[in-house]
Amino acid sequence: MPKINFQEEQVFEAFIHKMIVDKGLAETDRQQNGKIQHELSMQLDEAIQKAVINALSDEQLQKLSGMLDNDISDAELEHFFDNSGIDYRETVGRAMREFREDYLGINTTTNEPNNLNNTGQMPNGMPMQGTVSEVPGASNVEGVAQPTYGGNEGEI
């Protein structure tokens, strides 16, 4: 896959920061926000990698698998992806939109909440801000709720 340059890295960081702000998480605890930003950055990177892999044809996937079995160099791997014909701009953009939708729990094409089935979690398992109330339109939380952690490392 093409290497991410410094400017692109800054764009990804700004994207993650905006998601955190849009989620309504308070910035009073910078250490906590740093952990959230780091975890989201790792998850975004993984989502982008999956999207790029999913954009490959079956034949390309087989070729890639064989190459990986032979411990290819980073340069060879980059060359493979550079010549794969994947539209990186579109693929990465779609992955970022889907990641944002999942994190914020909205469908960005309609700005309507996704169906969360009153679980208190988004479809990807990440907690929503606050909790779900039994009373429609009511909240179980005063003020801004802090995110909960799932107990497994890397799980927000």
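Residues numbered from 1 in each chain as written. Predicted model: local features only at pLDDT ≥ 70, side-chain atom pairs only at ≥ 80, totals over all residues. Heavy atoms only, no water.

Trainee: Help me understand the packing of aromatic side chains in this model?
Mentor: The relative placement of two aromatic rings is captured by the distance of their centres and the angle of their planes. Using the criterion set out here, one finds 1 aromatic pair in the structure. Ring centres 5.2 Å apart and planes at 85° place the aromatic pair F80 and F81 in the edge-to-face group. Exposure class is identical for F80 and F81. Each is buried. Here the guanidinium or amino end of K23 rests over the ring plane of Y103, the centre of that ring lying 5.0 Å away. (Phe/Tyr/Trp six-rings, centres within 6.5 Å; stacked < 30°, edge-to-face > 60°. Buried < 20%, exposed > 50% of the residue type's maximum accessible area, 1.4 Å probe, protein only. Lys NZ or Arg CZ within 6 Å of the ring centre and 35° of its normal.)

Trainee: How should the nonpolar core be read in this particular structure?
Mentor: One finds I16, L40, L44, I48, F81 and Y103 to be the most contacted residues of the largest nonpolar core, which totals 25 residues. Going through the elements one at a time, α1 (6–23), α2 (30–54), α3 (58–69), α4 (74–82) and α5 (88–104) are the ones with two or more residues in this core. Here this core takes 7 residues from α5, the largest share from any one element. Excluding residues within four positions of it along the chain, L44 makes contact with F12, F15, I16, M96 and F99. (Core = buried A, V, L, I, M, F, W, Y, C linked by side-chain atoms within 4.5 Å. Helix = DSSP H or I, 4+ residues; strand = E, 2+ residues; numbered from the N terminus. Contact = heavy atoms within 4.5 Å.)

Trainee: What is the right way to look at the pattern of salt bridges in this model?
Mentor: Opposite charge on two side chains makes pairing possible when the charged atoms of those side chains draw close. Inspection of the entire model under this criterion finds 4 salt bridges. Through salt bridges with shared partners, one network takes in K18, D22 and R100. (Salt bridge = Lys/Arg side-chain N within 4 Å of Asp/Glu carboxyl O.)

Trainee: Just to check I follow, could you spell out the side chain of T91 for this structure?
Mentor: Relative to the assigned elements, T91 resides in helix α5. Polar side-chain contacts of T91 include one of 2.9 Å to the backbone oxygen of D87. The contacts of T91, once residues within four sequence positions are left out, are A51, V52, A55 and I86. (Polar contact = N/O pair within 3.5 Å; in protein donor to acceptor, adjacent residues only side chain to side chain.)

Trainee: Would you explain unusual backbone geometry in this entry?
Mentor: Most peptide bonds adopt trans geometry, and most residues besides glycine take a negative phi value. You will see that D71, though not glycine, has its phi angle at about 50°, which is positive. For D71, the location among the structural elements is in the loop between α3 and α4.

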